[in-house]
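The lines below spell out each chain.
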Amino acid sequence: MTTALTYDDVRALKVDGELGKFIKFHMAAAQRDAAHRRGLVLRYPDLAAKLTERPINFTAPEKWNGYIPPTTDCTGAMNTTPCRPALLALVAEAEQRLRQPKETTEALEEAAA
C-alpha cells in the first residue's frame, strides 16, 4: 500500500521541477503493470474468454489492455464497479497457474528426497 500524495507533496514536486518526472515514472510503471496483467490472462485461453463474459463484457479478449479500475474513485468513495473483482480474480487465477508448475516441481522434489 502506498501513502496518498498530498497537495503539499505535489506543490513541493512542482517547485523542485520534479512533478513531470514523477508523473512520467508512475505512468510508465502503471503501463508496465497493465501489460504484465494482460499478458498473464491472455496466456490462458479459458481465462481470456472470460474477458468477454459478464460482468467484464469486452467484445474480444485482445481489447483488454490490462487496466483494473482503482479501489476508490476520485472522491475517495469505494469503487463498486462489478468488473473490478472479476478482473482481479482473473489475474489472480493466471498468477496461480503460472506458479503451479514450480510448486508442483518443488513438491515432487521434496517427496523424492
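Cut-offs applied
Residues numbered from 1 in each chain as written. Predicted model: local features only at pLDDT ≥ 70, side-chain atom pairs only at ≥ 80, totals over all residues. Heavy atoms only, no water. Helix = DSSP H or I, 4+ residues; strand = E, 2+ residues; numbered from the N terminus. Buried < 20%, exposed > 50% of the residue type's maximum accessible area, 1.4 Å probe, protein only. Contact = heavy atoms within 4.5 Å. Lys, Arg positive; Asp, Glu negative; His and termini not counted. Charge placed at Lys NZ, Arg CZ, Asp CG, Glu CD. Salt bridge = Lys/Arg side-chain N within 4 Å of Asp/Glu carboxyl O. pLDDT = per-residue confidence, 0-100. Core = buried A, V, L, I, M, F, W, Y, C linked by side-chain atoms within 4.5 Å.

## Here we look at the overall build of the protein chain
Looking only at helices and strands, the protein chain features four helices and zero strands. In terms of principal-axis extent, the alpha carbons of the protein chain reach across some 60 × 40 × 25 Å. Here the protein chain holds 113 residues, and the buried ones make up 20% of them. Taking all contacts inside the protein chain whose residues are at least 6 apart in sequence as the whole, residues at least 24 apart take part in 47%. For the protein chain, the centre of its 15 positive side-chain charges and the centre of its 15 negative side-chain charges are spaced 7 Å apart.

## Focus on the pattern of salt bridges
Using the criterion set out here, one finds four salt bridges in the structure. One salt bridge connects D8 with R11, and the closest N-O pair in it is separated by 2.7 Å. Note that D8 and R11 are positioned in helix α1 (residues 7-15) at a spacing of three residues, about one turn of the helix. With relative accessibility at 52%, the residue D8 sits in the exposed group. Look at R11 and you get partly exposed, because its relative accessible area is 49%. Here D46 ties to R97 by a salt bridge, and the two come within 2.7 Å at their closest N and O atoms. Highlighted residues: D46 in helix α3 (residues 45-50) and R97 in helix α4 (residues 83-112), separated in sequence by 51 residues. Counted as one network, the salt bridges with shared partners bring together D46, E93 and R97.

## Things to note about the confidence of the model for the protein chain
Mean pLDDT over the protein chain works out to 91, with 96% of the residues at or above the 70 mark. Element-level mean pLDDT values for the protein chain span from 86 in α4 up to 97 in α3.

## Overview of the nonpolar core
Core analysis: the biggest nonpolar cluster contains 14 residues, and V41, L51, I56, W64 and L87 have the highest contact counts within it. Secondary-structure elements contributing two or more residues to this core are α2 (19-42) and α4. In terms of residues, this core owes the most to one element, α4, which gives six residues. Ignoring sequence-local partners within four residues, the contact set of L51 consists of V41, L42, I56, N57, F58, P61, W64, L87 and L90.

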